[in-house]
Structures are given as structure tokens and as C-alpha cells.
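# Tertiary structure, described
Here is what each chain is made of, one letter per residue.
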Amino acid sequence: MDRDQSSVFDLAAVAAGSNGGNNDRLLPPARFVGAPQRPSTMPYTKYVAYGKQVPFDYPDRTWPGKTLKRAPRWCSVDLRDGNQALVDPMDPERKLRFWNLLMSIGFKEVEVGFPSASSTDYDFIRLLIERELIPDDVTIVVLTQAREHLIRKTYEALRGAKRAVVHFYNSVSVLQREVVFRKDKESIKKLATDAAELCKSLEHDAAGTDLYYEYSPESFSGAEPEYSLDVCNAVIDVIKPTPEHPMIINLPNTVEMTTPNVFADQVEYMSNNLSNRDSVVLSLHPHNDEGMAVAATELGMLAGADRVEGCLLGNGERTGNVDVCTIALNLLVQGVDPQLDFSDMPELRRTVEYCNQIKISERHPYVGSFVFTAFSGSHQDAIKKGLEARQQAALRDNADIENYLWLVPYLPIDPKDVGGSYEAIIRVNSQSGKGGMAYLLKTNHNIDLPKRLQVEFDRIVQHFADETKREVRDEDIWRLFKDEYLPIEKSGSTAAAGAVADREDSSLSQWGRLKLLKVSVSSGEDGSDTELKASVLDRGLTGVDEAVERQIEGKGNGPLDAFLNALSALDLTISVQDYVEHAMTAGSDALAASYVECKVGEPAEERVIWGVGIDSSVITSTLKAIISAVNRFER
Ligand SMILES: CC(=O)SCCNC(=O)CCNC(=O)[C@H](O)C(C)(C)COP(=O)(O)OP(=O)(O)OC[C@H]1O[C@@H](n2cnc3c(N)ncnc32)[C@H](O)[C@@H]1OP(=O)(O)O
Ligand SMILES: CC(C)C(=O)C(=O)O
């Protein structure tokens, strides 16, 4: 049926009546588990399936078999489409700041405004030109409707520019032809070709400017592709681009109305049928109404598009223009150079939020504050293992870890590559497992807990999470750890006073029966027959008031064995099940951490319990770990 013969509403009514949407009552029932879903009261019969509005099929499609191999030509439309969608359009200071950001990222084409729309836009373009702020390798683009007085004003704005693209547009959609322009197809096409002719005739006003053209069949997504092709080819006939001096045909998914595969079919159809294809740069201008702009763009690139217009972080009309950062970084993680520099996303986000006066979601791809964060236990476990495995593989290959292959579960990109850090990757709450807490202790406090100790301490962290019903921050974990395992120490002249001070916490009360005050060890050459003398502060089981200093001594096969024997003088029965130690810091002030898994108590009341000790001497840290286990047993 010819769209010019009848109203779009009549067609839609027919389409809706003949199951224009997806009337699920006519479909076989879906398989389900449990109770079937109920029909909703949502008014879905009001809506007409896209294929009924604009029937189109393109069986010649080849895009599904292709992969993305290189970056498109990028054009930022932040200063135009992004700007026109703001509550408060950017003032000159914000525009300039945005422009500088775009330059630092490496954009070579920027749509700088709609100069006939407002004096702010016009003046900003004049400022860029007159202050010579446009680098030689950057091309500015200016937008205008296909209307004479607006086009003339646009040329005025460009005086003195070295190179520029005049971008003119008119809507070609079925709906807008009828309700906005109230014109038939031929008249709409004439609007476009008249504008093209006027542009050509104004070229003499732009002497000295290397001028290019861009034409957008606006609302391409709502038009029959055959008709859009006809209009674009008519414009190409007027402009007469050459391979040396091409023009841009820009296909706007002005309102996203279809799944991305349909858009890709339309793009491939255009790419294959445009006249003078080798003189045309085929461009996409996707919006995100159905939340699929990135997908539509990527499929459109597979389908033959050379160029992409979009905004940083997806600002733009309604749900936004396509997010250029996401597409570029999607290319990066496929091993393709995006040809834009997004290495400082936090700064980019700050500038974009400042200029647009709109906040970015915590979940925004690549930049939201949660996108490199795992709260859930199994993710944390996998990330921790993945980071360790990568480090080991890089060591094995003698490779620079910064540039080593990135293969880490749940983290598609190395946060450092976009200016992030590992600090925020793992955050702990009641959904977390032992891996998250262990990662934070290791990363932030150089405490590498043995596996069974992780299990033990995790119960304490989990209890805290359940009690407080909030995120368990790094400082909470460290405080819980100190309170549970490390005696509260007073700072003094110890070698690692700074680190000891770090373990002091005036908000934690002192507890524990024993405190190691002094120790001396002598042994034979092979370490056998070790004799150990220690001075221990014994606060007894009731608290600090009754503290007595006791001298204990023991012999054994090494300091640990000798100390265990010495402790029997205090009626303590202890055996060590497992022992792990590691250096915490390097250098002369190095600290060691020791972890001992002990069996403490007489057989009837015996318990397996971990203790932790930290000291600049490995021997002392081990003995402190034993004391820690005893104190915990008696706590
Ligand atoms: C999809 C997009 O984002 S396209 C870009 C849209 N951006 C903007 O509109 C922001 C800047 N625009 C403006 O400041 C104003 O719209 C101006 C200054 C350009 C023009 O303002 P006005 O002259 O008041 O006209 P307005 O924009 O309301 O357009 C209405 C008329 O222009 C016609 N028109 C709209 N777009 C076009 C076009 N691309 N080509 C030709 N005519 C057009 C309409 O059919 C309508 O005609 P009518 O008055 O005969 O019914
Ligand atoms: C002018 C065109 C490219 C546009 O902004 C749109 O269709 O969204």
C-alpha cells in the first residue's frame, strides 16, 4: 500500500487489528516451570509492531558473519545533540571545557553546534574560529535544518574556518511526513535537494574554507529504507562528492524502534545501494530509546558503516545518543585500537557531569563507581584467583605485568587501563565470601591469610555484616582482625613503629591473658637443643588488674617447640597443627607475619584455633602468634 494514499493511523489500525503486535493469545503456550504467567493489563494493543509500520526484509545481509576489526571514524555530537537535550544548555565556559576534553581524547570530528539556533551556539563557533582553537587536524561540523534562512546563517557562522562540514537534515519518516511536514514523498525529497542546491550556491561565501557536506535523512529508523535511499541518492546527485572529496550520509536511528539486527539490515541495504559509494562516508547516529544503541551501532558497523556519531557517556535526547566511550572500550577489549584515549575515565566523568549537569549511574559501563566492584563471594573468589594466576603467568613469562594479557574472571577490562584502581574491585557485604575479606587484607594490609584461617575469620566478618546490615569496609575488616587476633600494643622504639602504630586502636579495649614481654633464644649449630627464656605478662583469666610478670623457660627442637614447652609452666597444653609465615614489608624495618593453627587445652576441652603474630623478628612473630591463639582460647 502506498503510504501517500492513506493516513498512517489507518494503516496502523489495520495492522493492529491483524495482530500488528504480538498477540500472545494466538501463539502456542510457552513452556514454563511452575504456575503459568497471567496476561497483563498493559495496553499493548495500542502499539504497532515495527515490521507492520515499515515492512522491510533484506535477505542479502552479510553482516552476521563479520567481526569488528577497526575503529570507525568518530564524531562527537556532545556540543550539539547532547547540548540540545540539557535542562540548562552549556554556557560558553562549559562548552569550552567540553571542547578541550574532546581534543584531549583525540576526536578529529566534532559537531560544535547549531549556529542558526541560538547566539550561544553561533558565538561559540565564532570563538573557536577567531581564537584559532581548532587544531589543523580537527574538522568542525555544524548542523542546520533544510531551511533557507537557517542555512544562510550557518554559512555566516563558518567564515574564516579552515575546514568544516555543513550538516543539513530533514525528517523522512512515515509519521513525520504526515503529521509534521504534511507533504508527500516527492515534496520531502525536494526539501532535501533544494537545501543541497542552496548549500552549493553558497560555497562562494565560504571561500578559503575546505567545505564538506553531511546529509541526514532524519528519523531514518521510521522511514522505508527504499525511500531514504531515494532521497539520499538525490542529495548525492546534487552534491557530487568524489573519492578525494567525499560527503557524509548519516543514518539516524533518531528513535530506536527495532531490534539491532533490523537496523543492521537497513544499514547494509543503504551501504550496498547508495550511489557513488566510494565517495560517501556512511555514518550512523543512533539513539538509545530501547536501550540497544550500542548493540545497534556495533551491528551497523558490521553492516558497512564507516563513521559513528555519539556522545560521551551517552548523553543526548531522551535516553541519549549512543555512548561513544562504551563502543570504543568494547573495541579495546576485543583487541582493537579504539583510536581515542579513554585512559582517564574518572576525570572524563567529572568533566562530563560538570558540563552536562547530569550524574552518571553507578552501573554505567566502564565508568560507573560499581563497575569494577564485586560484592558477591564467588565473584570475589574468582577475581582474587584470577589476579594471582595472571601475576604468576607474567612472572613465568618474564613479562611486564602492566601490559600482560588480561584474562580475569568477572573483570572484562583492567581497571588501570581506564584510570581506575584495584582498590574498589572487591567490597564486602553479607553476600561476600572469605575471598573478598582475604583480598582486602592482602592488598591493603599485607596480610596473606592461610585458607583455613580465612574460613575462621570469615565467620567473624559475616557476623559483623549480618549485625550491621551494611557494607563491611576495609577499615571495619582491619579493626575486626586486630581485635580478634593481634594484641593491642603500645608504640615505642620498635623497628617498625609506624606499622605497630597502625595496629594500635584506642577504640579497641585491651584483652587477653598473656603478653610476651621479652624473649631470648640460644641453640646449637643445627638448631637442635634450643633453650628459650621468656618474660610474659600474665593477666590471669579475670583481666588486667591481677597482671604478674612471669619468667618461663623451655627446651626443644627449635624456638617454637621450646616455647610450647615453656608455656606448660602456665598449665597450658598446646600443639601446633600448621604454621605459615611471610614477610609483610621489605627493607631493614621489615615485618613478618606468622600464623599458627594450634590445638589448645586438655583433650576434654581441646579446640583448634588460629593465632597471628606480627613482629620485625620472625621468631618473635611466631611466639606472638602462639600467644594470640592461647588468648583467643581463653577469651
Ligand atoms: C533529531 C534532531 O535532534 S534534529 C536537531 C534538532 N535540534 C533543535 O531543534 C535544536 C535547535 N533548534 C532551534 O533552536 C529551532 O528549532 C530553530 C531556531 C532551528 C528553528 O525554530 P523555528 O523556526 O521556530 O521552527 P521549529 O524548529 O519549531 O520548526 C518548525 C518548522 O520547521 C519545519 N522543519 C523542522 N525541521 C525541519 C527540517 N529539518 N528541514 C526543513 N524544515 C523543517 C517544520 O516542518 C515546521 O514547519 P511549519 O512551521 O511550516 O509547520
Ligand atoms: C540531525 C540528526 C542527525 C539527529 O540529531 C537525529 O536524528 O537524532
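Parameters at a glance
- Residues numbered from 1 in each chain as written.
- Chains lettered and ligands numbered in written order.
- Predicted model: local features only at pLDDT ≥ 70, side-chain atom pairs only at ≥ 80, totals over all residues.
- Heavy atoms only, no water.
- Salt bridge = Lys/Arg side-chain N within 4 Å of Asp/Glu carboxyl O.
- Buried < 20%, exposed > 50% of the residue type's maximum accessible area, 1.4 Å probe, protein only.
- Patch = residues over 30% accessible without salt bridge, like charges linked within 9 Å, V, L, I, M, F, W, Y side chains within 5 Å.
- Areas by Shrake-Rupley, 256 points an atom, 1.4 Å probe, with all protein chains shown as cover.
- Lys, Arg positive; Asp, Glu negative; His and termini not counted.
- Charge placed at Lys NZ, Arg CZ, Asp CG, Glu CD.
- Helix = DSSP H or I, 4+ residues; strand = E, 2+ residues; numbered from the N terminus.
- Contact = heavy atoms within 4.5 Å.
- Polar contact = N/O pair within 3.5 Å; in protein donor to acceptor, adjacent residues only side chain to side chain.
- Core = buried A, V, L, I, M, F, W, Y, C linked by side-chain atoms within 4.5 Å.
- Pairing = 2+ DSSP bridges.
- Right-handed = clockwise from strand over helix to strand, strands pointing away.
- UniProt positions renumbered as here; feature names shortened; annotations may be inferred.
- Near = heavy atom within 4 Å.
- Nonpolar A, V, L, I, M, F, W, Y, C, P; charged D, E, K, R; others polar.

## Describing the pattern of salt bridges
In this structure the tally under the stated criterion is 39 salt bridges. Taking the shortest distance from any N to any O, the salt bridge between R94 and D91 comes out at 3.3 Å. Using a relative accessible area of 15% as the deciding quantity, one classes R94 as buried. In this structure, the salt-bridge partner of E203 is K200, at a minimum N-O distance of 3.7 Å.

## Some points on a negative patch on the surface
A cluster of acidic side chains, namely E525, D526, D529, E531 and E553, defines a negative patch on the protein surface. The residue D529 is located in the loop between strand 9 (514-522) and strand 10 (530-538) in this model. Classification of D529 by relative accessible area gives exposed; the value is 63%.

## Notes on the environment of L102
Considering the arrangement of structural elements, one finds L102 in helix 4 (residues 92-105). Classification of L102 as buried rests on a relative accessible area of 0%. Spatially, the C-alpha atoms of L102 and A604 are 73 Å apart, while their sequence positions differ by 502 residues. Here L102 is in contact with S76, D78, L79, F107, V110 and L312, once residues within four sequence places are set aside.

## Re helix 12 (residues 324-332)
Along helix 12, eight of the nine residues are buried, which leaves the element largely enclosed by surrounding structure. Listed in full, the buried residues belonging to helix 12 are V324, C325, T326, I327, A328, L329, N330 and L331. The distance from a side-chain oxygen at the start of helix 12 to the backbone nitrogen of C325 is 2.9 Å, and the residue carrying that oxygen is D323.

## Considering the nonpolar core
Core analysis: the biggest nonpolar cluster contains 133 residues, and L312, F342 and F457 have the highest contact counts within it. The dominant element in this core, judged by the number of residues it contributes, is helix 9 (residues 225-239), at eight residues.

## So, the pairing of strand 4 (residues 163-171)
Most of strand 4 sits inside the fold, with eight of its nine residues counted as buried. Where strand 3 (residues 139-145) lies against strand 4, six bridges are found, and the strand directions are parallel. In the strand pairing of strand 4, V142 is matched with V166. The handedness of the strand 3 to strand 4 crossover, carried by helix 6 (residues 148-157), is right-handed. Summarising the sheet, strand 4 and strand 5 (residues 210-218) pair through nine bridges and their orientation is parallel. Note that in strand 5 the partner of H167 across the bridge is E214.

## Notes on the UniProt feature "binding site: Mg(2+)" (unreviewed entry) in the protein chain
The positions that UniProt labels "binding site: Mg(2+)" (unreviewed entry) are, in the present scheme, D81, H285, H287 and N321. Sequence-wise these annotated residues cover 241 residues; spatially they are packed, their C-alpha atoms never more than 10.3 Å apart. With respect to the helices and strands, D81 occurs in helix 3 (residues 78-84). Sequence-distant contacts of D81, that is, excluding residues within four places in its chain, are made with H285, H287, G316, E317 and N321.

## Examining the side chain of S621
Within the fold, S621 resides in helix 20 (residues 618-634). By relative accessible area, S621 is classed as buried at 0%. Looking at S621, its side chain comes within polar contact range of the side chain of S594, at 2.5 Å. Apart from the residues within four sequence positions on either side, S621 is in contact with A592, A593, S594, G613, I614 and D615.

## Some words on the environment of S575
Looking at the element boundaries, S575 is found in strand 12 (residues 574-583). In contact with S575, not counting residues within four places along its chain, are E597, C598 and K599.

## Details of the site of ligand 1
Close contacts around ligand 1 come from 17 residues, with Q84, A117, A146, R147 and Y169 the closest. The fraction of the free accessible surface of ligand 1 (1000 Å²) that becomes covered by protein chains is 58%. Within the residue set of the shell around ligand 1, elements represented by two or more residues are helix 3, strand 3, strand 4 and helix 7 (174-181). Tallying contributions element by element places helix 3 first for the shell around ligand 1, with three residues. Its residues assigned to classes, the shell around ligand 1 shows nine nonpolar, four polar and four charged.

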